[in-house]
Amino acid sequence: MSTLEEAPQAPERVTRRRGRFTDEHGRRVGAGELVLRYALLLVVLVLTVGPFLWQLSTSLKGPTENIFSSPPSFLPAHPTLHNYARVADTIPVWDYALNSLTVAGASVVTNCVGAALAGYALARLRYRGRRGTALVFILAMLVPAEGIIIAQFTTMRDLGLNNTLIGVLLPGSVNAMNVLLLRNAFLQLPHEVEEAAFVDGANVWQRFFRIALPSVKGTLAVVAIFAFMFSWDDFLWPLIVLSDPSKFTLTIGLNYLHGTFASDERLVAAGTVIAVAPLMLLFACLQRYFFRGVGEGAVKG
């Protein structure tokens, strides 16, 4: 495979040249095709961003505003932050957020370290059964989490980790998908560089820390975002393994904003925005590395 074939393809861009639109390869793009592209992008934007904007708008509306008006109104008539204060008065939201942050932060560390070590071993080390080991990680991705959750619970119980944050963290400490992402990123590194380091006397740990790992920083950012997102958003497993309210994560705690017979949608919307804000902040900080890492960890054809 040539170098051009191995390089990740950049997203197709449309530019305007002398009154006509062309893509990055110089091919002319018709007006109808251009309109269709932007129409599809607009539809995707509405479907992805629209629900969040609706929740944000609802969280800023006062008790006298109708949130179910027709047609719907996205701009609050009298914006207020009172709903966010009510969330803190209803549940210990900041304690729950700290528990979630602890678990998610630890998950980022364990996934980055564990997936990097496993991915490098699968991609670069030579040993019997290497292909079979990679197949095990692929098969692990096909097993639904609900199918093994009882086994996970009994394992945590036997280890005495029920009702602990470590019990919440341990099953997702190293994700199979993250291992395969880093494996594919390591596979795309030139072998000649490591061979030269080996000739110079570098051992496997020196090649890993000084050559391989700095070359896949983008994929590590992808792994960090995925690990944080999956851990922060997880609801079912913490609900099963935790019973002490002081150790609840944010996703479980926000469930108590729903009343038994009625619920305040403004309160629920404010809690949802509080839960989503850290994810948006993390992605905003790492987006530069994220898009580069998607190309590094792409599956080679």
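Residues numbered from 1 in each chain as written. Predicted model: local features only at pLDDT ≥ 70, side-chain atom pairs only at ≥ 80, totals over all residues. Heavy atoms only, no water.

J.: Help me understand the overall build of the protein in this model?
T.: Within the protein, the regular secondary structure consists of 14 helices and three strands. A total of 301 residues make up the protein; the buried ones form 35% of that total. Counting only contacts in the protein whose residues sit at least 6 apart along the sequence, the fraction spanning at least 24 positions is 69%. Entry remark: accessible area of the protein is about 18,500 Å², with carbon and sulfur atoms responsible for 66%. (Helix = DSSP H or I, 4+ residues; strand = E, 2+ residues; numbered from the N terminus. Buried < 20%, exposed > 50% of the residue type's maximum accessible area, 1.4 Å probe, protein only. Contact = heavy atoms within 4.5 Å. Areas by Shrake-Rupley, 256 points an atom, 1.4 Å probe, with all protein chains shown as cover.)

J.: What should I look at first to understand helix H3 (residues 82-90) in this one?
T.: Two residues of an α-helix separated by three or four positions point the same way, owing to the 3.6 residues in each turn. For H3, the full list of buried residues reads Asn83, Tyr84 and Val87. Along the axis of H3, the buried positions cluster into a sector of 105°, meaning they face one direction only. (Arc of directions from axis to C-beta.)

J.: Can you help me understand the confidence of the model for the protein in this one?
T.: Should pLDDT be low for a region, the predicted coordinates there are not to be read in detail. Summarising the model, the protein shows a mean pLDDT of 83, and 86% of its residues fall at 70 or more. For the protein, per-element mean pLDDT is lowest for helix H1 (residues 3-6), which scores 42, and highest for helix H7 (residues 165-169), which scores 94. Below pLDDT 50 for its whole length, residues 1-11 participates in seven contacts with residues either more than four positions away or in separate chains. (pLDDT = per-residue confidence, 0-100.)

J.: Please clarify how the pattern of salt bridges should be interpreted in this entry.
T.: Side chains bearing opposite charge may pair, as long as their charged atoms lie close to each other. Tallying each qualifying case throughout the model produces three salt bridges. Between Arg124 and Glu194 there is a salt bridge, with its nearest N and O atoms 2.8 Å apart. Here Glu194 lies in helix H9 (residues 191-199) and Arg124 lies in helix H4 (residues 93-124), a separation of 70 residues in the sequence. Of the two residues, Arg124 and Glu194, neither departs from the other in class, the shared state being buried. One salt-bridge network, held together by shared partners, links Arg124, Glu194 and Arg207. (Salt bridge = Lys/Arg side-chain N within 4 Å of Asp/Glu carboxyl O.)

J.: Can you walk me through the side chain of Arg207 in this structure?
T.: Among the structural elements, Arg207 can be located in helix H10 (residues 204-212). Setting aside residues up to four positions removed in sequence, Arg207 forms contacts with Tyr120, Glu194, Ala197, Phe198, Ala202 and Ala212.

J.: Can you walk me through unusual backbone geometry in this structure?
T.: Glycine aside, negative phi is the norm for most residues, and most peptide bonds take the trans geometry. The backbone phi angle of Asn163 is positive, close to 65°, even though this residue is not glycine. By the element assignment, Asn163 lies in the loop between helix H6 (145-158) and H7.

J.: Looking at this model, I keep getting lost on the nonpolar core. Mind explaining?
T.: Note that soluble globular proteins tend to have their nonpolar side chains buried in a common cluster. The biggest cluster of nonpolar side chains holds 51 residues, and the ones touching the most others in it are Val87, Leu182, Phe186 and Leu250. Looking at which element gives the most residues to this core, the answer is H4, with 12 residues. (Core = buried A, V, L, I, M, F, W, Y, C linked by side-chain atoms within 4.5 Å.)

J.: Would you mind showing me how to read a nonpolar patch on the surface here?
T.: There is a patch of nonpolar side chains on the surface, built from Val109, Val113, Leu117, Leu125, Tyr127, Val204, Trp205 and Phe209 and spanning about 710 Å² of accessible area. The set of elements that each furnish at least two residues to the nonpolar patch consists of H4 and H10. Summarising the element assignment, Tyr127 is placed in the loop between H4 and helix H5 (130-142). Given the relative accessible area of 34%, Tyr127 is considered partly exposed. (Patch = residues over 30% accessible without salt bridge, like charges linked within 9 Å, V, L, I, M, F, W, Y side chains within 5 Å.)

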